[in-house]
Amino acid sequence: MSHARILLSLFTALLLVAVAGSAQATALYRVNVGGPAVASVDAGIGWDEDSSASPSANIVGTGGASFYNTGSGSSHGVVTTGPAGVPLDIFQTERWDPPADPAMTWAFTVPAGSYEVRLYFAEIYNGITVDGARLFDVSVEGAVPAVFTGIDPFALGGSAGSVGSVLSTTQLVSDGT
């Protein structure tokens, strides 16, 4: 088995989907990053918990990871709109690390093949009030795909912070690095 490795600085949820040779994508992993387990709103698997009390088994390098949720005083409010088929509860928490700390590293055991990696974002922290205030890249299998370069959750979700967004890329996994 190989490991899909993902390095990042902030996000609210992650989904890893098998895509090779199938007409219908199958969710292999769903993680509600920074928050409690969340039930699926489709026929797929639920979103696993990743909290300070119960970190995800898939995080292998936590960096200086911190947690934040909309109950912590976010002036952006609750996310009310998100991608179809995704529970809005996944946009109420986040895990992040300061730029000077090592990036979080996630590893997902999968057979060699092609996978879609979806990252879900919502800027719920009230200290971010303009586009460009929090930018970061996400590395997948040792490289930063173009779609994961210069991610700005505030710009993706609008100034009210009430819109959840998703970015995705397809990645070949073959060597476990």
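In this report, the structure presented in the accompanying data block is examined. (Residues numbered from 1 in each chain as written. Predicted model: local features only at pLDDT ≥ 70, side-chain atom pairs only at ≥ 80, totals over all residues. Heavy atoms only, no water.)

## Things to note about the nonpolar core
Selection rule: Buried residues of nine kinds, namely Ala, Val, Leu, Ile, Met, Phe, Trp, Tyr and Cys, make up a nonpolar core once their side-chain atoms join them within 4.5 Å. Buried means the residue's accessible area, taken with a 1.4 Å probe over protein chains only, is under 20% of the maximum for its type, while exposed means over 50%, and partly exposed covers the values in between. Helix and strand labels come from DSSP, where a helix needs a run of H or I of at least four residues and a strand needs a run of E of at least two; each type is numbered from the N terminus.
Formed by Tyr29, Val31, Val33, Ile59, Met104, Trp106, Phe108, Val110, Tyr115 and Val173, the largest nonpolar core amounts to ten residues. Of all elements in the fold, only β4 (26-33) and β9 (104-110) reach the threshold of two or more residues within this core. Residue contributions to this core peak at four residues, all from β9.

## Some details on the environment of proline 153
Its location among the elements puts proline 153 in helix α1 (residues 153-157). Judged by its relative accessible area of 1%, proline 153 falls in the buried class. In the structure, proline 153 is positioned 18 residues away from leucine 135 in sequence and 7.8 Å away in space, judged by C-alpha atoms.

## Some details on the packing of aromatic side chains
Rules: Paired rings are identified among Phe, Tyr and Trp, the last through its six-membered ring, by centres lying within 6.5 Å, and are further divided according to the angle between planes into stacked (under 30 degrees), edge-to-face (over 60) and tilted (the rest).
Counted under the stated rule, the structure contains five aromatic pairs. Relative to tyrosine 120, the ring of phenylalanine 91 lies with its centre 6.2 Å away and its plane at 65°, an arrangement referred to as edge-to-face. Placement of the pair is phenylalanine 91 in the loop between β7 (66-69) and β8 (93-96) and tyrosine 120 in strand β10 (residues 113-121), with a sequence separation of 29 residues. The pair phenylalanine 91 / tyrosine 120 is uniform in exposure class, with both members buried. Aromatic rings pair up to connect Tyr29, Trp106 and Phe108 into one cluster.

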